[in-house]
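Overview (structure and organization)
Residue strings, one per chain:
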Amino acid sequence: MPGTANPAQPTPDEAARLRALGAYHVLDTPPEDDLDRLVRLARRLFHVRAAAIALLDRERYFLKAKSGTACDAVPRDDAACDTVTLTGDAWMLSDILREPHLNCRGWDRVLPGLRFFAGVPLLAADGHQLGVFCLFDDRARDDVGPVQAEWLSELASLAMNRFEVRRLDAARRVGRHRLENLASTSPDAIVCFDDEARITFWNPGATRLFGMSVEAMLGRPFLTLLDPASQTRHAVRMHQLEAGHQEAAQPTQRLVGLHANGSPLLIDVSLSLWREDGQPVFGAIVRDLSAWRLSEERLLRLAQLDPLTALADAATFRQAVAALSPTVPAAVLLVALNGIKPINDARGTEAGDAVLRAMAHRFRLLFPESGTLGRLGGAEFAALVPECADAAECAALCRRVLHAVSEPLEVDGVRVELTGNIGIALHPFDTPAEAGGLLANADLALYEAKKQGGNTFRFFVQELREAVMRRRKMEHELIDACDQGQFVLFYQPQVALDTGRVVGAEALLRWRHPVAGVLAPGEFIRILETSPSIETVGRWILTHACQQAVAWRRLHPEFRVAVNLFASQFQSDRLLQLVNEVLAETGLDATGLELEITENTLLRPDARMMETLQQLYDSGVSIAFDDYGTGYASLSLLKRLPITRLKIDRSFLTNLPGDAADAAVIQAILYLGAKFHLDVVAEGIETPAQAQFLREQGCALGQGYWYGVPMPAEAFATKFLASSRRSPEP
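Now for a look at the structure at hand. The model shown is predicted, which means the values in this text are computed figures rather than measured ones. (Residues numbered from 1 in each chain as written. Predicted model: local features only at pLDDT ≥ 70, side-chain atom pairs only at ≥ 80, totals over all residues. Heavy atoms only, no water.)

**A few points about the overall build of the protein**
Helices and strands together make up the secondary structure of the protein, namely 25 helices and 28 strands. Put simply, the protein has 730 residues, and 50% of those count as buried. Contacts in the protein between residues at least 24 apart in sequence constitute 63% of all its contacts with a sequence separation of at least 6. Split by element, the accessible area of the protein, about 33800 Å² in all, is 53% carbon and sulfur. (Helix = DSSP H or I, 4+ residues; strand = E, 2+ residues; numbered from the N terminus. Buried < 20%, exposed > 50% of the residue type's maximum accessible area, 1.4 Å probe, protein only. Contact = heavy atoms within 4.5 Å. Areas by Shrake-Rupley, 256 points an atom, 1.4 Å probe, with all protein chains shown as cover.)

**So, the sheet that holds strand E10 (residues 264–276)**
Strands in a sheet are paired, the pairing made by backbone hydrogen bonds, and the direction either parallel or antiparallel. Strand order across the open sheet formed by five strands is E8-E7-E11-E10-E9, with antiparallel pairing between neighbours. Both outer strands of the open sheet, strand E8 (199–202) and strand E9 (253–258), are each paired with one neighbouring strand and no more. The average undirected angle you get between the axes of adjacent strands in this sheet is 35 degrees. Across ten bridges, E10 lies against strand E11 (residues 279–288) in antiparallel orientation. Note that in E11 the partner of Leu273 across the bridge is Phe282. Against the sheet, helix H9 (residues 228–242) makes contact with strand E7 (189–194), E9, E10 and E11, and its axis sits at roughly 20 degrees relative to E10, the strand it touches most. (Pairing = 2+ DSSP bridges. Axes fitted to C-alpha atoms, helices over the stretch in contact; angles between N-to-C directions.)

**Remarks on the packing of helix H12 (residues 340–347) against helix H13 (residues 349–366)**
Interhelical geometry of H12 versus H13 gives an angle of 145 degrees and a closest axis separation of 6 Å. Packed against H12, whose contacting residues are Ile340, Ile343, Asn344 and Arg347, the element H13 presents Thr349, Ala351, Gly352, Val355 and Leu356 at the interface.

**Side note on the pattern of salt bridges**
Using the criterion set out here, one finds 27 salt bridges in the structure. In this structure, the salt-bridge partner of Arg539 is Glu585, at a minimum N-O distance of 3.0 Å. Taken together, the positions of Arg539 in helix H18 (residues 534–553) and Glu585 in helix H20 (residues 575–586) put the pair 46 residues apart, joining distant regions of the chain. For Arg539, a relative accessible area of 25% translates into the label partly exposed. The shortest N-O distance in the salt bridge between Lys647 and Glu596 comes to 2.6 Å. Of the two residues, Lys647 sits in strand E25 (residues 645–648) while Glu596 sits in strand E23 (residues 593–598), which places them 51 residues apart along the sequence. With relative accessibility at 0%, the residue Lys647 sits in the buried group. Ionic contacts of the salt-bridge type, sharing partners, join the residues Glu506, Glu596, Lys647 and Glu683 into one network. (Salt bridge = Lys/Arg side-chain N within 4 Å of Asp/Glu carboxyl O.)

**A closer look at the sheet that holds strand E1 (residues 50–56)**
Spatial ordering of the open sheet is given by E3-E2-E1-E6-E5-E4, a layout of six strands whose pairing is antiparallel. In the strand order of this sheet, the two ends are held by strand E3 (73–75) and strand E4 (91–93), each with one partner. Sheet twist, expressed as the mean angle between neighbouring strand axes with direction ignored, is 25 degrees. In this sheet, strand E2 (residues 60–67) lies alongside E1 in antiparallel orientation, the contact comprising six bridges.

**Some details on the environment of Gly378**
As for its placement among the helices and strands, Gly378 is situated in the loop between strand E13 (372–377) and strand E14 (380–386). Given the relative accessible area of 47%, Gly378 is considered partly exposed.

**A few points about unusual backbone geometry**
In terms of backbone geometry, most residues other than glycine have negative phi values and most peptide bonds are trans. Going from Leu656 to Pro657, the amide bond is cis rather than trans, its omega being 0 degrees. One can find Pro657 in the loop between E25 and helix H23 (660–675). Phi at His25 takes a positive value of approximately 55 degrees, unusual for a residue other than glycine. Tracing the sequence through the fold places His25 in the loop between helix H1 (14–22) and helix H2 (33–46). Looking at His25, the relative accessible area reads 48%, which means it is partly exposed. A positive phi angle, close to 55 degrees, is found at His47, a residue other than glycine. The exposure class of His47 is partly exposed, given its relative accessible area of 39%.

Below is the structure:
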């Protein structure tokens, strides 16, 4: 299949070609199931948006069969596509945009935005081109090679077989002379016989099918070519025709014939009758179904396979799971490979594909042939293991699979190592009533396994489903919370440890749930961070905190409010714009705002992040490292990043002042803060002894329950802002 089509010369004998096409009697005829099935098969086999069997009439391409398009015809003068489709050879345009010298307009009537266009000619027995079997896609394709070209040629051959049936059927209605004229070029067996079934005509196609020469067959009964049951059925049909019943075109009979070597043949027999000199003459068109069936069944099997690994594709695997008997035990395993993406990024998708094929081969050796092994997409495989309901047996199988995954392999001379995770659901125990539920349960188990790290497996348990239901319920409730204004900000004081004076506050999100009451972020923040509402909520928090800071700074001009940024806000390229807009809308001076970012969010800051932080810093906005000491940030970040404050995580204060290790960590953080000229805030101060220790170590700022719990703005103002100091009473 050439990568670039060359313009072709006009058809030498267009009139003869049109006569050949007319002999098939297919133009402007209704859709036919056999042909429609072929184009549907083509779409699935090649993963394209549309496929069609287009017949080339005088002024148009008539789409006799189609899938994925509503177009019925393409005018030839509009298509300008004879230059591609009338070459007499297969063609492939991987990307029409890369072929500016070819004019394929008109074919985009079939598929708007056409990019990929491929096909093979439909050739009659006399060599005339009747049309094309076409594939269409709206994306460029470089994955159609010689093997796929052979598949398309097979589909075209199957289509021509069906057209040939129509041509011969039309001929036999005319009579013996017309039928015998076509017989010499027909690939099918054509046999004529008298009212006693003695053969009077035998074409070369019959010799090929039955393995017997014309000399051997003339005068022999046609019925001797059939097995006993088929003889009876065929004799009944002969008597019906001779008696004048069903005189018009007859439905085809599917019979069993006998080859000269005695082997059975599955055949279709189309029988007709006419009279010569008053005597009945029968004509039979006999087609070998075995080759048809084998070819079509092979393509159907290919259409149900993943083209990369030759395992069952996702749709086929799901069908196998759906067909499970309610009483026969089985196990569904979902296997996810970790490490394919870095291979694709570093060495290209061909290397990644080679690894997937190698893993598929390993899995074939591990899983029983009686089951179904498939690839669901990407680096995720699936196995349906029949007669497996014992957890210990499944666990042993999973260990073998993970061992096979972790065994190094070599691709193009490079050593590759992967890890894997497996989720297992057992049938019928884990099979819910809803369709697809068993696979969904295995997927939940896989998700749980991934949370545990590489080379782990987990069985589905009902608690996973219940957790999902709770999550979905909360997702819907969070949408209502945004719409109904159920979010509120609480504030916790930040104090100067040497004087106890309140110098600022951290704004903390709370959810006034209509049933559960006031919820802290730990109960909903992870779900909120994956919600479409996260951007709206993030802006709302920043805006309301800044508005409150403006009001409090009228009484205490140095007051600062700290706002926690969501990871998505920090990673957005709109953060600087958002902060500037909110400061402008609320009138808050930049020095009154502090943005808190967890250190893990800053692990790999890119140039854009660094520039955003620098611009915020230069404007006067403070940047705080939240929960410092609990993540994986390197010391070099303290040197590179424009931050103003470190916040010691509360976990280091719990055992103070008695725990020497925690004390050493705090002393180290305070030392770093001093050397980098950063303020340090200790979170989670709950006792006077902790506060005293921190003061002695030189920590300037702190917050925690000893100084005040998070509370609504009104309560905060009443308790802490009536005067600039507070008594350190709990």
